[in-house]
Amino acid sequence: MQRLRRLRRTESLLRLFTETDVPARALVPAYFVVDGAGIRREVPEDGGMWQLSVDQVAIEAARAREGGAEALMLFGVPPEKGLHHAADPNGLVARAAASLKGSGITVMADVCLCSYTPDGHCGIWRDGMVQNDESVAHLAKMAVMLADAGVDVVSPSDMMDGRVATIRKALDDAGHPYTLLMSYAAKMASAFYGPFRVAAESAPQHGDRRGYQMNPANRREAMREIDADVHEGADLLMIKPALTNLDLIAETRRRYDLPIVAYQVSGEYAMLKEAGKSGRIDFPRAARETLVSIKRAGADLIVTYLGPEVWDGKVRL
Ligand code: PBG
């Protein structure tokens, strides 16, 4: 008989033979930059997503850094809709990024139009669909503006075709050859983004995102999406949501040597939080288990809303 339980006899042995650790630096918190001053509010209630005014971003970043974070992700929530805000060099994310210069933290920023278009789509809607190439031109301008503002990693989450190559070329042409490009390579049209769309004020006003985000049923197509982004020049590959796509994370880990980032999205956080609040699960332990599983599948980094609870000591890694 193989006595595998020998490895589990004492607390010390359990610690000694732990195969997967989640270092604090693997967690990337996300913040939503809003207009105003002195604003620091969780949206929706207990949603784990923080809306911050520009002046609060550096304060929160310092907290994250103390907790062991090495990077953060910024999303912009403009005071009113309008495509011109997306690439505005005086926009909220540009100002937030500028406030982090010299802080030592790696600044990642979202590149997408959904918080800026009047109808909440991730690109420009015309003739019954989101127009691909026209949207990509706007995304490239937005990416260059963010790099100009000092963002280290631009992160297109729109799922248009060809945007990685176009953004890479635009960055290089603008004198930003070292700006990293993290593509949401396989992003599903998921029901788990609901709370985010409240925080980012980005819910589509008509239709849905299935014409550009992926069908969650498709593994082969996901690998084609990832392959396309690798060949177009992505430095980092994002897979999203995390828990429903562990197979894709594992497969990507086997096939490619690029760093992999998984996004534990707002609905994943909501499930943990609400089940914890009603007493059905032990929130800190369940939260930890999800992070370990995502890491074990092969992710290097995890964008997550659990960060603040990790550095407050509520969730232990
Ligand atoms: C915007 C974007 C979304 C998320 C990240 N970037 C929403 C969407 O695609 O509708 C979701 C993140 C989350 O739910 O935490 N394109």
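Residues numbered from 1 in each chain as written. Predicted model: local features only at pLDDT ≥ 70, side-chain atom pairs only at ≥ 80, totals over all residues. Heavy atoms only, no water.

**Description of a nonpolar patch on the surface**
A contiguous nonpolar surface patch, about 400 Å² in accessible area, is contributed by L4, L7, L16 and F17. The residue L7 is located in the segment before helix 1 (11-16) in this model. For L7, a relative accessible area of 41% translates into the label partly exposed. (Patch = residues over 30% accessible without salt bridge, like charges linked within 9 Å, V, L, I, M, F, W, Y side chains within 5 Å. Areas by Shrake-Rupley, 256 points an atom, 1.4 Å probe, with all protein chains shown as cover. Salt bridge = Lys/Arg side-chain N within 4 Å of Asp/Glu carboxyl O. Helix = DSSP H or I, 4+ residues; strand = E, 2+ residues; numbered from the N terminus. Buried < 20%, exposed > 50% of the residue type's maximum accessible area, 1.4 Å probe, protein only.)

**Some details on the pairing of strand 12 (residues 260-263)**
In the case of a regular strand, side chains alternate between the two sheet surfaces. Burial along strand 12 is two-sided: the residues I260 and A262 and V261 and Y263 are all buried. Of the crossover connections in this fold, the one passing from strand 11 (residues 236-240) over helix 8 (residues 246-255) to the parallel strand 12 is right-handed. (Right-handed = clockwise from strand over helix to strand, strands pointing away.)

**Quick look at the sheet that holds strand 2 (residues 30-34)**
As summarised here, the arrangement of the 11 strands in space is 1-13-12-11-10-9-6-5-2-4-3, forming an open sheet in which the pairing is mixed. Lying at the two open borders of the sheet, with one neighbouring strand each, are strand 1 (27-28) and strand 3 (40-42). Along the sheet, helix 4 (residues 132-148) makes contact with strand 6 (106-111) and strand 9 (153-156), crossing strand 6 at roughly 160°. (Pairing = 2+ DSSP bridges. Contact = heavy atoms within 4.5 Å. Axes fitted to C-alpha atoms, helices over the stretch in contact; angles between N-to-C directions.)

**Quick word on helix 5 (residues 163-173)**
Helical geometry note: an α-helix holds 3.6 residues per turn, so side chains three or four residues apart project in the same direction. Turning to helix 5, its buried residues number three or more, namely R163, V164, I167, R168 and L171. End-on view of helix 5: buried residues confined to an arc of 130°, all on one side of the axis. Looking at helix 5, the residues exposed on the side facing more than 90 degrees away from the buried face are K169 and D173. Where helix 5 is buried, its residues meet strand 6, helix 4, strand 9, strand 10 (180-187) and helix 7 (219-232). The first or second residue beyond helix 5 is G175, which carries a positive phi of 85°. (Arc of directions from axis to C-beta.)

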